[in-house]
Amino acid sequence: MSSTNSTKFFDLFNNVDEYKQTICSKVIDVIRTSNRLAIENFDQIMTIDSCHDKINKLSERILNRIYQIKSHIQSSNWDQLDLDEKIEQLIDINDTLFEQIASALDEADGIKKSPVSTVVRQVLIKPQLKFKHKIDNSTIIPFIPKIRIKPNAVTPLPMIMMQMNFEPIDLDLLEKHPEILDHPYFDEISAFEPDEMLLKKIEPQFPKLIEETKYLFVDTIDKLKIMMDHIEIQFELAVDLEHHSYRSYQGFTCLMQISSRTEDFLIDTLTLRDELSILNNVFTNPVVLKVFHGADWDIEWLQKDLGIYIVNMFDTHQAAKELNLPILSLAYLLKTYCNIDASKQFQLADWRIRPLPKEYCRYAREDTHYLLYIYDRLRNQLLDLNENNSELLRLVYTKSKIICQKLYKKPIFDKNAYKVLYLKSHKTTFDGSQLAALKLLYAWRDRIAREEDESTSYVLPDLMLIHLAELLPKDIQGIRESCKLVPELVEKNLEEIHQLLIQAIEKPLLQSNHEELNLDESLQNKRSISSSNTNISTGSLLNNDNKRAKLVTEK
């Protein structure tokens, strides 16, 4: 990739990294903005003159771009294609262009010739293959808490759990001892109340520059002991996690960041996966405050991967909500309170890479390095907003307690979820055979993803699944031709997919079947489930229904 200006990339940027970071930042901003728009309110939005004009102008620009790239489309009958077919072809072009762009950018930046490229290729070896205990994605046995020793206990750990190993257990044992499924620290979290000292204003402590702060990458038992010696004498810690989900069904935690007021630690949770339950000594200690930002997923990942629980947490995301800040992201808080521009380039990074590049470590440290100072500022603002009354501050602690009481549960397969995918695809003309194919392929994809420990998106992306169900290819070669790039596990299971498509053609879903007709209700249920995770009701605190995972049996 060349440029007429030897010192500038595309005559605008100093280097490829600056270009990539700028583009990535803009793409993420666009996605976030578009996600805030409610599609169901589109007609109402279009009644606003300013919005109507801007959307129409944008539509014209998009159409112009479509006509410009139309020449790249293989089909000569573009004008005869319907809207959905045009969109699908454009998606294929986009995929191809992005692959070429990524390759060209890497080559321009010298990545293909650098040592980093070797590291990136090494991550193709899935880290979970080296885990001591095999990941169980089955739907028969629910998630079993990994904790076997319970420090800082108010209620002792059930005796049966202290005697268990980490091998899969049978349903008979669960039926005899349902307490195995209880949240181990539910009672401790319920009993926690913030000390009065935490409910008063303080002098914010801005941290040293990252370059001047002591830092340790923890990837051995000896380094873990060094870190524990430090954090066990602290009263405040900032914590964050980096997680990977694309090449795993349930996902797994790749990195943990912990910062005190004076030191930063990055913990390799892949290497030390089975050694980190010792952190419960600190993380469940009610005297030590743990500050997170947007901890909903972090709490569940800590349980699922490391057997770690949190008592005494302050979630800065919940504090930002109570303050009605215009944006609730950590990036916004970093910019507002610390004048730090968080790099968005690494939000989609692959945190499985080892060794972690220096720029990854820098980004990860920033997530916690400034978080205790941000906590100081938010704490004071909550008190100022209520004239030094601690009511709002207590509310943040209460909502943080509810998050800590969340119990990780394995994903359960919903046999009707394919209807939601169908509605999202905006397909309205599928016949009985096409719907049957969609249902069968949706179930097949979930089963293969569980067996191979891959995400469903890796096994068969949604758009490709819809495309296969729509085309109903009659033979194996037709299946290959329906996929621009045939996914690895599709190629491996072509014969089974072929048989499923034949079955769909021979046994179409009957339109009279009430189960298949009620698509709107299925979508509404999906929205209800997702929205229930968005808002935290303090009324759910101490609700014992949340204490235990449901035992799900599969017939």
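Residues numbered from 1 in each chain as written. Predicted model: local features only at pLDDT ≥ 70, side-chain atom pairs only at ≥ 80, totals over all residues. Heavy atoms only, no water.

Looking up the chain in an unreviewed UniProt entry gives the name Exosome complex component 10 homolog, with the organism given as Rotaria sordida. Under Subcellular location (unreviewed entry), UniProt gives the following word-for-word description of the chain: "Nucleus". According to UniProt, the comment filed for the chain under the heading Sequence similarities (unreviewed entry) is "Belongs to the exosome component 10/RRP6 family." (UniProt positions renumbered as here; feature names shortened; annotations may be inferred.)

(A) Representation of the packing of aromatic side chains in the model. Inspection of the entire model under this criterion finds 16 aromatic pairs. Aromatic side chains F131 and F252 sit 5.8 Å apart centroid to centroid with 90° between the ring planes, which places their arrangement in the edge-to-face category. Of the two residues, F131 sits in the loop between helix 5 (115-122) and helix 6 (159-163) while F252 sits in strand 3 (residues 252-259), which places them 121 residues apart along the sequence. No difference in accessibility class separates F131 from F252, as the two residues are buried. An aromatic cluster of three or more residues is present, and its members are F192, F314, Y375 and Y397. Geometry around Y185 places K150 over its ring, the cationic atom sitting 5.0 Å from the centre. Note that R273 overlies the ring of F131, its terminal NZ or CZ placed 4.0 Å from the centroid. (Phe/Tyr/Trp six-rings, centres within 6.5 Å; stacked < 30°, edge-to-face > 60°. Helix = DSSP H or I, 4+ residues; strand = E, 2+ residues; numbered from the N terminus. Buried < 20%, exposed > 50% of the residue type's maximum accessible area, 1.4 Å probe, protein only. Lys NZ or Arg CZ within 6 Å of the ring centre and 35° of its normal.)

(B) Here's a closer look at the pairing of strand 5 (residues 289-292). Side chains L289 and V291 of strand 5 all project onto a buried face; the interleaved residues K290 and F292 project onto the opposite face, where all are buried too. Bridge analysis of strand 2 (residues 236-244) against strand 5 gives three bridges, and the strand direction is parallel. In the sheet register, A238 faces strand 5, and the bridge partner there is V291. In the sheet, strand 5 pairs with strand 6 (residues 313-315) via three bridges, with the strands oriented parallel. Paired with F292 across the two strands is D315, which belongs to strand 6. Running through helix 11 (residues 296-306), the crossover from strand 5 to the neighbouring parallel element strand 6 is right-handed. (Pairing = 2+ DSSP bridges. Right-handed = clockwise from strand over helix to strand, strands pointing away.)

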